[in-house]
Each structure stands twice: as structure tokens, then as C-alpha cells.
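# Report on the structure
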Amino acid sequence: MNAIALKMLMGDRAKYVSIILGLTFASLLITQQTGIFLGIMARTFSTMSDLEIADIWVMDPMVQYLDDIYGMQDTQLYRVKGVDGVEWAVPFYKGQLRARLKDGRFQSLVVMGIDDATLIGGPPRMLEGDLADLRRTDAIIVDSIGASTRLTQREADGDRPLRIGDILEINDNRATVVGFCLVTRPFSTMPIVYMTYSRAKQYAPQERKMLPFILVKAKDGVDHRELADRIHAITGLGAYSTADFKRLTVGYYLKNTAIPLNFGTSATLGFLVGTAVAGQTFYNFTLDNLKYFATFKAMGATNGVLLRMILLQAFFVGGTGFGLGAGIASLIGFVLRKGEFAFWLPWQLLLASAAAVSLICLGVAAISIRKVIRLEAGVVFKG
Amino acid sequence: MKQASSLKDNAPDQAQTVAVSCRGITKVYGSGDNAVHALRGIDLDVQSGELLMLVGPSGCGKTTLISIMAGVLDQTAGQCLLFGNDLSQIAANAKTAYRGKTVGFVFQSLNLVPMLTAAENVAIPLLLTGVIWMDALHHAEEMLSRMGLQDRLHFYPSELSGGQLQRVAIARALVHSPRLIVCDEPTSALDNVTGQEVLEVVRSLGVAKDRAVVVVTHDARIYHFADRIAVMNDGRIERITTSPQELVTVP
Ligand SMILES: Nc1ncnc2c1ncn2[C@@H]1O[C@H](COP(=O)(O)OP(=O)(O)O)[C@@H](O)[C@H]1O
Ligand SMILES: [Mg+2]
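Residues numbered from 1 in each chain as written. Chains lettered and ligands numbered in written order. Predicted model: local features only at pLDDT ≥ 70, side-chain atom pairs only at ≥ 80, totals over all residues. Heavy atoms only, no water.

From N to C terminus, chain A includes eleven helices and twelve strands. Since a compact globule built from 383 residues should have a radius of gyration of about 21 Å, the 29 Å found for chain A marks it as more spread out than a globular shape. If you line up chain A on its principal axes, its C-alpha atoms span 95 × 60 × 30 Å. Long-range contacts, defined as pairs at least 24 residues apart, comprise 78% of the intrachain contacts of chain A with a sequence gap of at least 6. Accessible surface computed for chain A: about 17,200 Å², of which carbon and sulfur atoms make up 58%. Of the side-chain charges in chain A, 40 are positive and 33 negative, and the distance between the mean point of each set is 11 Å. (Helix = DSSP H or I, 4+ residues; strand = E, 2+ residues; numbered from the N terminus. Rg over C-alpha atoms; globule rule 2.2 N^0.38 Å. Contact = heavy atoms within 4.5 Å. Areas by Shrake-Rupley, 256 points an atom, 1.4 Å probe, with all protein chains shown as cover. Lys, Arg positive; Asp, Glu negative; His and termini not counted. Charge placed at Lys NZ, Arg CZ, Asp CG, Glu CD.)

See below:
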């Protein structure tokens, strides 16, 4: 009877299509809005994603999230290095500086200053040039998207992307582009510029405390969280495992911005509208077919058989709708992956939206099933 | 409650000759002031090998009676045995399964599923008794061919004429060789010629030594297909006759 159930479902084209459209719409909105939300949230810790090498981040104890920057004194680096269980510790500068372009425009930059000696903390992927070139005079490496958007050079015949050898003025200091890199898209759209830690300190306005972060590698077998707690206990500094600092950062944005509310609203709306459209149509479909379900009942279909038929129908449209919706959402994410579009579709999200759609199907099937189970086989003889 | 295994497929003696046995059947719909006494004490046997017609004015209880005989409705009082089995005493699922293989239905409104082809519609009783898809479809096509519909097997109901639809419905009632076939007003939507053809088929394919057919009708033009005719009025059986002429001449 499974084949019969599916043939009945697909035989009613108009309803079949509108049930599937409803579920596709719901799946699309749920998957896409949540995916964009996760994508945006992931951008808040993009710097950490690019620095997987660090096990622990050490910072001023007042810091609440990644872009909440308070300087420490350089001497803290030596105290951290001295903590038992630390394999190595390097300074890491992150801050905003202003650059003046050749044509006189100003552009804010995110500056990453990495350890002069080891160059630990560099970009995850170089596209042009070499990381070691940062050791040359005034050298900077620019992220490729920034280089081709905000930092284009204005020439007589129009704008052109930044090129190796171009000069920027950062806080009245000359900086020479020696390479381009690819970075995980950050929350802000400011261009990202890498340089050595000492040069970053030199370019930045002078202050007594200028070291925002210390990146720590734990010795083999040392628990990251335990080591972070030990660093905190000994130095009084804020210290978190990378995972904990990501959580702290995301938590800050969740609590202090309307982002989750906005996307949560759209996803919930998609869920509700999809449920309403699909539920209403599926219920109508069952009502239209009630006569035939009663006929099957008279002809020997038990409630179990009818239940299976309806569940099969519901999950068939659910599966199709989910496949289409999640597919379209992934496709949009894939097509727009290079630009500013934030979209992150981990398998957990796919699973969660599949669960949401299953929930819709179950709800939709439940009302129809109730109707069919209560059906008296005797009604088949009534005109 | 009896178990399904206690259902008799080859009950001896009486069940060999009596397909349905009704004793003191009453049926009351609703209760209190709204109570409708649809059947007021029916005693009736349907013999194996016969075609019995139930006739009588609208609302006299014909549909109610065949519903109880076919096991799709429970009586209020009295006993109805279907090939020796008291269906009101059996658990719901066992009763449904027994009904599925024992009874063939022709409904007044046919109830053919519009999204299924003729052959698929006819295959349903077989599918419900556990026959696999290909076999069920094959049997269904054979049955339709025997009824002269061999070139309409894969037509949808909307593509068939009234007479063809009626024959599909009858094929569906016969395909799994049920021992009892119940038809509610099978000719009410048909012209006389088609009605005669349809009853011809029901008679020739449905009636056999160990099988019985009950036809509800008030179409006097098909009375002559009956072995016996039970005349109902107001929830009772007024009389039973073997001669249709008697009824036709009586106004
Ligand atoms: N489900 C029901 N609820 C209440 N009354 C019913 C129901 N079904 C039938 N009746 C009543 O029972 C009587 C017999 O109906 P029915 O068996 O359909 O008669 P027939 O088939 O001879 O026209 C009628 O008065 C009808 O209105
Ligand atoms: Mg009737």
C-alpha cells in the first residue's frame, strides 16, 4: 500500500506541489537564516579561526570578547612564558589604525602584529609574496578582499587593486605592500593588514601598555583549560583556551546585539508559515481522500496500515521539501561564498533543520491521522 | 475477545450452506430523543450459492443491514454470523483483516481512487491481504480483462465511462475471490442496458457454490437476476420471495 499512498499523493498535482512548496519555503528559511546567523557569529571569532595554532589566549582580565582590546605591559609576556606547562608564548597585536591612500582618502584598517622572531600569528594562507617578507623594511601583507575593495588605488583611468610595491601611509608611517593573503572573513568589513609586532607598536599611537594578546602553546599532554586557569592564577591576567574564548566572544554578541533576535525571528517565521501552508494543504488533501481511506478500511486496511500510509506521505513531502529548501540554501551559500555573504552550514545545522521539518511533518500527519483513525468503515456506504 | 485464529475458513455443515446468518438484529443510531431505529429485528439467512436482493423504500434500513452483514458496522442487539463467525466478538484489527479477505464491496458511489489507474484500483484488495505489487497488479489486469476492459487497464477513472467505472468497481470487489460480495445500489447511476450488463457480470463471476452475493437495489429492471428477494420496510423484513414478477406488478 506504500506505492498506493505515494501515487495518491502525487496524483493530486496542485496539492502535492503546494505542500512541497510550503515545506521547501520552511526548510529554506530555517536553514538559510540560521546559516547566516551562524556565519555572522563565526565571523566574530574569525581571528581565532585563523590562529588555530594557539591553545590559549592571554589578555587583560577586563576583556569581554575578541575585539574588546586593552593593552598589557610587554613584561607580562615573560611572566606567562614562565608558567609551568607553557611550551611557547608570543605577543600578538590586534588594533585599528588609520591609513591614508595615495589619493588622500582615509581608510581604517585592522592591524595584526605578529611575533618578529617566529612570525607566529600570520595569515592562514598567502596568495602572493612570502610571510618572511614581513621582515623587510616597512613591510605589510594585505588581505586580498581588502586589497581589491577598500584599498583600491585611484589612477587616471580608474581604480585598480592594490599591488605589491604600493605604498600606504599608516598613521603617518610609510608602509610597503609585500604580499597578499586570504583570511577568514571577519565581522567588520575593514581591510586586514599584517606586520611584525614591533612595527605595529611603532605605527600605533604610543601608550604605556600596548600588548593586547599573548598566544600560548601548551606542552604536550597539558590540558588547555587547566593551563589557562594556572596562568590566570599566577599572573592575574585573563586566560582562556581558544574554544572558551570563542564561546566568550560569541556569547558577548548574543547578549549584546539584536543579531540572534533578527535571525531567530526570520527562522521562526519560516517555520510557522511553512507549517501553516504545508499543514493546511496536507490536511485538505487528507480530507479530500477521507472517502478513499474509509474505502480501504472497509476493504481490510487496519489503522496501522493507514497510519503508515499517511506518515509515508508526510515524510515523503517533508524529505522532498527539506532537500529542495536546504539545497537552495546551500547553493546560495556556495555561490556567494567568495563575497561578504556570511553563511555557515555545519552538519549539526542540517540535522537541526531536518529535525524541525520532521516536527512539521509529524504535526501535519498527526491531525490527518486522528481524522482517519476515527473514521467508521461504515461511512463508505453513505452516498 | 476471540483471537483471529479462531476464525473459521472452512466451517462445517451449516456454514457450508449459510453465508450470512442474522438473528434478531436491531440497530439504533444515536440515543435519547435523537434515536433512530434503523433495524427493528431482522432474521435472515443468505445461502451460499445465491444472489439475494434487498429491496424497499429509501430509509428502510437496507444499507444499515448490509453494513452489519459485511462487518463494517456493529449491530445494537442480535447476532450476525459471517460464515459462522461472530464479527462483533472479534478484536478490531482481526475483524478488519478477516473482512478484507472475506468480503468484496461495490459501493453506490463506487469510491474508485481518481489518482490510481483502473488496474491499481482493482489491485487494492490484494495489496491489503499482503500480495506483492507486481502480482497484485497482474491479477487485477486479468480480472479487468475478463470483464472486457483489457484495453482500459491503465486508464484513470476520469477517462472511463459510467459503465466501465462500474465494471472496474466490480472487478475490485471480485479480484481477491471473496466469499461474500455486497453491492449497494450498483445500477443507480447506469442506463438500463449497462445495468443489465453489470448484473450479468456480478451474477456470473460472483455467485458460486461456496459464495454469496447481496445486492441492495430499488431498480425493478434487475430483479430477475435475484435468486430470492427480501422486501424491507421500516427496519423489518416484510417478506421474502423467489418470484420477481410478484413485486413488479404490485404498485
Ligand atoms: N449514521 C447514521 N446516524 C443516524 N441515522 C442514520 C445513520 N445512518 C442511517 N441512518 C438512518 O437510519 C435509517 C436507515 O438508513 P439506511 O440504512 O441508509 O436506509 P436505506 O439504505 O434503506 O435507504 C434512515 O432513517 C437513516 O436516516
Ligand atoms: Mg442506502
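We now examine a nonpolar patch on the surface. A cluster of nonpolar side chains, A:Phe25, A:Leu269, A:Val273 and A:Val277, forms an exposed patch at the surface whose accessible area comes to about 310 Å². Top contributing element to the nonpolar patch by residue count: helix α9 (residues 259-298) of chain A, with three residues. (Patch = residues over 30% accessible without salt bridge, like charges linked within 9 Å, V, L, I, M, F, W, Y side chains within 5 Å. Salt bridge = Lys/Arg side-chain N within 4 Å of Asp/Glu carboxyl O.)

All names here are of chain A. Structurally, chain A comprises domain 1 (2-43 + 258-381) and domain 2 (46-256). Using C-alpha coordinates to define each centre, domain 1 is positioned 46 Å away from domain 2. Across the boundary between the two partners, domain 1 contributes ten residues, which contact nine residues of domain 2. Buried area between domain 1 and domain 2, summed over both chains or domains, comes out near 860 Å², and the portion from carbon and sulfur atoms is 59%. Here domain 1 is connected to domain 2 by zero salt bridges. Inspection of the region where domain 1 meets domain 2 yields three residue pairs in polar contact (both at pLDDT 80 or more). At the level of secondary structure, the elements contributing two or more residues to the side of domain 1 that touches domain 2 comprise α2 (13-43) and α9. (Domains from an automatic or database assignment. Buried area = accessible area lost by both parts, 1.4 Å probe. Polar contact = N/O pair within 3.5 Å; in protein donor to acceptor, adjacent residues only side chain to side chain.)

Remark: a regular strand shows side chains that alternate across the two faces of the sheet. Residue and element names in this part refer to chain A. Buried residues dominate strand β3 (residues 106-114), accounting for seven of its nine residues. Bridging between strand β2 (residues 86-100) and β3 involves nine bridges; their strand directions are antiparallel. Counterpart to alanine 99 in the pairing with β3 is glutamine 107. Where β2 folds back onto β3 in an antiparallel hairpin, the turn is made up of five residues, including glycine 104, whose phi is positive at roughly 100 degrees. Looking at chain direction, β3 and strand β10 (residues 192-196) are connected through five bridges and run parallel. Its bridge partner being in β10, glycine 113 is matched across the sheet by methionine 195. (Buried < 20%, exposed > 50% of the residue type's maximum accessible area, 1.4 Å probe, protein only. Pairing = 2+ DSSP bridges.)

Pairing between the strands of a sheet is mediated by backbone hydrogen bonds and can be parallel or antiparallel. Residues and elements named next belong to chain B. As summarised here, the arrangement of the four strands in space is β2-β1-β4-β5, forming an open sheet in which the pairing is antiparallel. The open sheet terminates on both sides in strands that have one partner only, identified here as β2 (36-47) and β5 (85-86). Of the pairings in the sheet, the one linking strand β1 (residues 18-29) to β2 comprises nine bridges and is antiparallel in character. By the bridge assignment for β2, valine 28 is matched with histidine 37. On the sheet, helix α2 (residues 62-70) packs against β1, β2 and β4 (77-82) and is oriented at approximately 55 degrees with respect to β2. (Axes fitted to C-alpha atoms, helices over the stretch in contact; angles between N-to-C directions.)

As a further point, take the packing of helix α1 (residues 2-11) of chain A against α9(A). Packed helix pairs are characterised by how far apart their axes lie and by the angle those axes make with each other. Residue and element names in this part refer to chain A. Taken N-terminus to C-terminus, the directions of α1 and α9 make an angle of 145 degrees; their axes are 12 Å apart at the nearest point. In this structure, the crossing between α1 and α9 has a hand that is right-handed. Residue-level contacts link Ile4, Met8 and Leu9 of α1 to Phe285, Asn289, Tyr292, Phe293 and Phe296 of α9. Of the residues contributing to the contact of α1 with α9, the split by class is seven nonpolar, one polar and no charged. (Left-handed = near helix turned anticlockwise from the far one by under 90°. Nonpolar A, V, L, I, M, F, W, Y, C, P; charged D, E, K, R; others polar.)

As a further point, take the site of ligand 1. As a matter of local geometry, ligand 1 sits amid A:Lys382, B:Tyr29, B:Val36, B:Ala38, B:Pro57, B:Ser58, B:Gly59, B:Cys60, B:Gly61, B:Lys62, B:Thr63 and B:Thr64. Each of chains A and B places residues next to ligand 1. Interatomic distance of 2.7 Å between a side-chain N/O atom of B:Thr63 and an oxygen atom of ligand 1. The contact in question runs from an oxygen atom of ligand 1 to an N or O atom on the side chain of B:Thr64, over 2.5 Å. If you tally residues by element for the shell around ligand 1, the top one is α2(B), at three residues. Its residues assigned to classes, the shell around ligand 1 comprises five nonpolar, five polar and two charged. (Near = heavy atom within 4 Å.)

What follows concerns the environment of B:Val28. Note on placement: B:Val28 falls in strand β1. Apart from residues no more than four positions distant in its own chain, B:Val28 is found in contact with B:Ala35, B:Val36, B:His37 and B:Thr76.

With that out of the way, let us pick up the sheet that holds strand β3 (residues 51-55) of chain B. All names here are of chain B. Taken in spatial order, the six strands of this open sheet run β6-β7-β8-β3-β9-β10, and their pairing is mixed. Since the sheet does not close on itself, it has two edges, and those belong to β6 (103-106) and β10 (236-241), each with one partner. Each neighbouring strand pair of the sheet contributes to a mean axis angle of 20 degrees, computed without reference to strand direction. Bridge analysis of β3 against strand β9 (residues 228-233) gives four bridges, and the strand direction is parallel. The residue of β9 that forms the bridge with methionine 53 is isoleucine 229. Along the sheet face, α2 touches β3, β6, β7 (180-184), β8 (212-216) and β9 and points at about 160 degrees away from the line of β7.

Looking now at the nonpolar core. Judged by nonpolar contacts, the single largest core of 127 residues is most densely connected at A:Phe296, A:Met309, B:Met53, B:Leu54 and B:Phe105. With nine residues, α9(A) is the single largest residue contributor to this core. When near neighbours in sequence (up to four residues on either side) are disregarded, B:Phe105 contacts A:Ala298, A:Met299, A:Phe381, B:Ala70, B:Val72, B:Arg99, B:Ala169, B:Ala173 and B:Val182. (Core = buried A, V, L, I, M, F, W, Y, C linked by side-chain atoms within 4.5 Å.)

As a further point, take the interface of chain A and chain B. The interface is formed by 27 residues belonging to chain A together with 28 residues belonging to chain B. Roughly 2,400 Å² is buried in total at the junction of chain A and chain B, and carbon and sulfur atoms are behind 71% of that figure. Joining chain A to chain B, the criterion identifies one salt bridge. The tally of links between chain A and chain B comes to four residue pairs in polar contact (both at pLDDT 80 or more). Looking at the side of chain A that touches chain B, the elements that each hand over two or more residues are α1, α9 and α10 (303-335) of chain A. Among the residues forming the side of chain A that touches chain B, the class breakdown is 14 nonpolar, eight polar and five charged.

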